[in-house]
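# Architecture at a glance
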Amino acid sequence: MGTPDFAVPSLQALLDAGHEVCAVYTQPDKPQGRRQILTAPPVKELAVRHGIPVYQPKTLKSEEEQARLRALAPTLIAVVAYGKLLPGAVLDIPPRGCVNVHGSLLPRWRGAAPIQWTVIAGDKTAGVTTMRMDEGLDTGDMLLTYQTPVGARETAGELFDRLAVEGARLLAETVERLDTIVPRPQDDAQSCYARLLDKELAVIDWTKPAHQIDCLIRGLNPWPVALTTLAGERLKIYAAMPCAGAGKPGEVIESDPKVGLTVACGTGALRLEEIQAVGGRRMRSADFLRGHAVEKGTVLGV
């Protein structure tokens, strides 16, 4: 059971290990892009290439869906970024249980967007945890973990790609060693929740320290992308670099076509590296200044 790109290596790892995947459950196809073209989830595409039956129910709570799942008689269910909570009746179907791959070092960052929040929070270490699933939200007993340093300039997208590969490896190892791994209960007192990302979160508060804003920018890359405004128009910021500087929060303290835009923060400053204006393409801020005049003293986000 899985849906996005993050889950694809895990399905491939199970196939490579020679396991019989009797079915794949994934989210329904959804319209995507400006033209709203109905698009299959990445996990479905891989399953179809391998001739694996694919099911895309809107819910697993109905007796009909649960009966269909029981008829498949799975020995084990592997769940990777499926996007739906599994009711108790589903968790009880496979005799060897349900194993989940979660993109954090549990119990830190339970929830829907653990990798992004790892970067937004400025965590120095990230990881993946496999666990026995229960009816809570990422609360089951832990099985195996993998941890790795977060790169100083690493974006959530880059970390996402790295952890997808390691999560697949960890899942294959977990399934292989399932009978000998001693489950470890989570300490609920150490938990925190990685809520869904939204565009409201993406709006930059320039009164925050430069380091904190930089973490937000990297954590929201590639989606939904950090936002501010320039002359009343939306400006997306894909990348920035903390640097020395002072001024009113949001004030442009340097505007040079050779080096780009530098903006004062609550503490320190940020040199904007990659930006995108409304109707324009993603580009270096230095290139942007060759076609747009931005005066020193301009305040962003007003």
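This write-up is about the structure you can find in this document. None of these values were measured; they are calculated from a predicted model. (Residues numbered from 1 in each chain as written. Predicted model: local features only at pLDDT ≥ 70, side-chain atom pairs only at ≥ 80, totals over all residues. Heavy atoms only, no water.)

### Some remarks on the pattern of salt bridges
In this structure the tally under the stated criterion is 15 salt bridges. As a salt-bridge pair, Glu65 and Arg68 come within 2.8 Å of each other at their nearest N and O atoms. Residue Glu65 and its partner Arg68 are both found in helix H3 (residues 63-72); the two are separated by three residues, about one turn of the helix. Take Glu65: its relative accessible area is 14%, and that puts it in the buried class. Taking the shortest distance from any N to any O, the salt bridge between Arg290 and Asp287 comes out at 2.2 Å. Looking at Arg290, the relative accessible area reads 56%, which means it is exposed. Several salt bridges converge on common partners, so that one network encompasses Glu166, Arg169, Glu173 and Arg177. (Salt bridge = Lys/Arg side-chain N within 4 Å of Asp/Glu carboxyl O. Helix = DSSP H or I, 4+ residues; strand = E, 2+ residues; numbered from the N terminus. Buried < 20%, exposed > 50% of the residue type's maximum accessible area, 1.4 Å probe, protein only.)

### Things to note about the environment of Lys58
Its place among the elements puts Lys58 in the loop between strand S4 (54-55) and H3. By relative accessible area, Lys58 is classed as exposed at 74%. Distance in space between the C-alpha atoms of Lys58 and Gln27 is 7.2 Å, their sequence separation being 31 residues. Excluding anything up to four places from it in sequence, Lys58 contacts Pro28 and Lys84. (Contact = heavy atoms within 4.5 Å.)

### What about the pairing of strand S13 (residues 252-256)?
Across four bridges, the pairing between S13 and strand S14 (residues 260-264) is antiparallel. Residue pairing across strands places Ser255 opposite Leu261, the latter belonging to S14. Count of turn residues in the S13/S14 antiparallel hairpin: three residues. (Pairing = 2+ DSSP bridges.)

### Quick notes on the sheet that holds strand S8 (residues 125-132)
What the four strands build is an open sheet, ordered S5-S6-S8-S9; its pairing is mixed. At either end of the open sheet lies a strand with only one pairing partner, and these are strand S5 (77-80) and strand S9 (142-149). The mean inter-strand angle of the sheet, taken between neighbouring strand axes irrespective of direction, is 15°. Alignment of S5 against strand S6 (residues 98-102), held across four bridges, turns out to be parallel. (Axes fitted to C-alpha atoms, helices over the stretch in contact; angles between N-to-C directions.)

### Quick notes on the side chain of His102
Tracing the sequence through the fold places His102 in strand S6. Within polar-contact distance, the side chain of His102 engages the backbone oxygen of Trp109 at 2.8 Å. Apart from residues lying up to four places away in sequence, His102 is in contact with Trp109, Arg110, Gly111, Pro114, Gly127, Val128, Thr129 and Asp138. (Polar contact = N/O pair within 3.5 Å; in protein donor to acceptor, adjacent residues only side chain to side chain.)

### Focus on helix H2 (residues 42-49)
Within H2 the residues assigned to the buried category are Val43, Lys44, Leu46 and Ala47. The buried residues of H2 occupy one face: seen down the axis, they fall within an arc of 165°. Of the exposed residues in H2, those oriented more than 90 degrees away from the buried face are Val48 and Arg49. Where the residues of H2 are buried, they touch helix H1 (8-16), strand S1 (24-25) and S4. (Arc of directions from axis to C-beta.)

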